[in-house]
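Residue-level listing of the chains:
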Amino acid sequence: MSHRQHPLDWVAPLLVGAAAAIAAEVALGLLIYSGVGFLRSLTTVLAVEGMALGMGLWSAPAPHPELVDRLRRRWMLCLFAFMAATGYGVAWSALPAIGSGALGQAAGLTLLAAAPLFTCGTVLGGMVSVARSRSAGALREPGSAAALGAALGFVLTGLLLPRVPIPASLLVGCLVLVSAGGLVYGVVLARKTADFETEVPT
């Protein structure tokens, strides 16, 4: 089996990590500054985000013949979660009264914070499972690149959030990041799988 690393196998987890961080920070901005009780809001949002990401990572699939198809479905779910977050964020910015009540805050916490981070966690957990599977060749596990991507996402959000017309526009950027990550990961995985199949004796 080839142990050569693909030169782009770090890109997809970096982009997913950046998208997770941007979603986390945008959710903090919308939920905390629109709500009352800064410390209580901050604690609640961070706890939900951390729990959602952890549960997503924990759901990494076991080895299975359809492991790559399962990861593909997780990636699609992640895109849908970011679409829902974007839609809710735009609605919140256009009609601030949406987030004024308890129901609006709960929906915001679910759609802006929990769903994107949970689905990013499921994608990263799925990438770990694929990297550990024999047929994936020598793919790197995504943890380091995802953490670096998260740091990059926090920096980008800090720089861009004060300048964008509405915070939800950054979530559109997350859709682009997750989509680009999926495309790059597909190319990397196809190449590594092809390398493995040509080197395994029949």
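Throughout what follows, the structure given in this document is the object of discussion. (Residues numbered from 1 in each chain as written. Predicted model: local features only at pLDDT ≥ 70, side-chain atom pairs only at ≥ 80, totals over all residues. Heavy atoms only, no water.)

1. Quick word on the overall build of the protein
Worth spelling out the cut-off: Here a helix means four or more residues in a row that DSSP labels H or I, a strand means two or more in a row labelled E, and each is numbered from the N terminus. Accessible area is worked out with a 1.4 Å probe on protein chains only. A residue is then buried under 20% of its type maximum, exposed over 50%, and partly exposed in between. Only the protein chains shown count as cover for residues, and all accessible areas are computed by the Shrake-Rupley method using a 1.4 Å probe.
Counting its regular elements, the protein contains six helices and zero strands. Along the protein, from the amino end to the carboxyl end, the secondary structure elements read α-α-α-α-α-α. Here the protein holds 202 residues, and the buried ones make up 45% of them. Surface summary for the protein: the accessible area is close to 10100 Å², and the carbon and sulfur share equals 72%.

2. Things to note about the side chain of Thr119
Rules: We call two residues in contact when some of their heavy atoms are within 4.5 Å.
Here Thr119 shows up in helix α4 (residues 102-132). The exposure class of Thr119 is buried, given its relative accessible area of 4%. The residues touching Thr119, leaving out its near neighbours within four places in the chain, are Leu77, Cys78 and Ala81.

3. Quick notes on the packing of aromatic side chains
Put simply, the rule reads: Only the six-membered ring of Trp is used, alongside the rings of Phe and Tyr, when aromatic pairs are assigned; centres must lie within 6.5 Å, and planes under 30 degrees apart are stacked while those over 60 apart are edge-to-face, with the rest tilted.
A full pass over the atoms with the stated rule returns two aromatic pairs. Ring centres of Tyr88 and Trp92 lie 5.8 Å apart, and the angle between their planes is 75°; on these two criteria the pair is classed as edge-to-face. Placement of the pair is Tyr88 and Trp92 together in helix α3 (residues 67-94), with a separation of four residues, close to one helical turn. What makes Tyr88 buried here is its relative accessible area of 14%.

4. A word on the nonpolar core
To be explicit about the condition: For the purposes of this section, nonpolar cores are sets of buried Ala, Val, Leu, Ile, Met, Phe, Trp, Tyr and Cys residues that join through side-chain atoms within 4.5 Å.
Formed by 46 residues in total, the largest nonpolar core has its most connected members in Trp75, Phe82, Leu112, Met127 and Tyr185. Looking at this core, the elements that each hand over two or more residues are α1 (11-33), α2 (38-58), α3, α4 and α6 (169-199). Ranked by residues supplied to this core, first place goes to α1 with 13 residues. Here Leu112 is in contact with Ala23, Ala27, Leu30, Ala85, Tyr88, Gly89, Trp92, Ala107 and Leu171, once residues within four sequence places are set aside.

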